[in-house]
Amino acid sequence: MKTKPLAFFVVCANMFNDNDKSRTETLGWLDSGLKGFEDLKPIEIGLFAGAALTDSDEYKKTEFPHESYYQINENEHRKTDGKFDFRDWEKIEQWGKLLKKKYSI
């Protein structure tokens, strides 16, 4: 049986602060989500901050509980950080380049 390398990436609001605590929590959530799929062995796992794009069509279709969660958190983040888009495109691109170089994919 031929296999292909598998890499996971997680985009999560929790990663807007990339530190040991947020990485541990986020990896814990990933592990929980993969229960029953223990045979999947990723070569790398990328953890990245995300964004709640509240002006998108997808957001406007969000059910009320999610909408209110994002609204509360967006307002809180804007008070402290002035933004609610924590994506770091350079970090994401570097991770992709690392995979390509390290694993010849």
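Residues numbered from 1 in each chain as written. Predicted model: local features only at pLDDT ≥ 70, side-chain atom pairs only at ≥ 80, totals over all residues. Heavy atoms only, no water.

Participant: Would you take a moment to explain the packing of aromatic side chains for this structure?
Facilitator: Aromatic ring pairs are reported here in terms of the distance separating the ring centres and the angle at which the planes meet. Under the defined criterion, the tally for this structure stands at three aromatic pairs. Seen from their ring centres, F9 and W95 are 6.4 Å apart, and the 65° between their planes marks the pair as edge-to-face. Taken together, the residues span a long stretch of sequence, with F9 in strand β1 (residues 7-12) and W95 in helix α4 (residues 89-103) at a distance of 86 residues. In this structure W95 comes out as buried when scored by relative accessible area, which is 16%. Their ring planes at 35° and their centres at 4.9 Å tell us that F16 and F86 sit as a pair that is tilted. Of this pair, F16 sits in the loop between β1 and α1 (20-33) while F86 sits in the loop between α3 (64-81) and α4, and the two are 70 residues apart along the sequence. The exposure class assigned to F16 is partly exposed, which follows from its relative accessible area of 29%. In this structure an aromatic cluster arises from ring pairing among F9, F48 and W95. (Phe/Tyr/Trp six-rings, centres within 6.5 Å; stacked < 30°, edge-to-face > 60°. Helix = DSSP H or I, 4+ residues; strand = E, 2+ residues; numbered from the N terminus. Buried < 20%, exposed > 50% of the residue type's maximum accessible area, 1.4 Å probe, protein only.)

Participant: What am I meant to see in the nonpolar core here?
Facilitator: Buried together is how nonpolar side chains tend to be arranged in soluble globular proteins. Among the nonpolar cores identified, the biggest contains ten residues, and these are F8, V10, C12, M15, L30, L47, A49, A52, F84 and F86. Contributing elements (two or more residues each) for this core: β1 and β2 (44-49). At three residues, β1 tops the list of elements feeding residues into this core. (Core = buried A, V, L, I, M, F, W, Y, C linked by side-chain atoms within 4.5 Å.)

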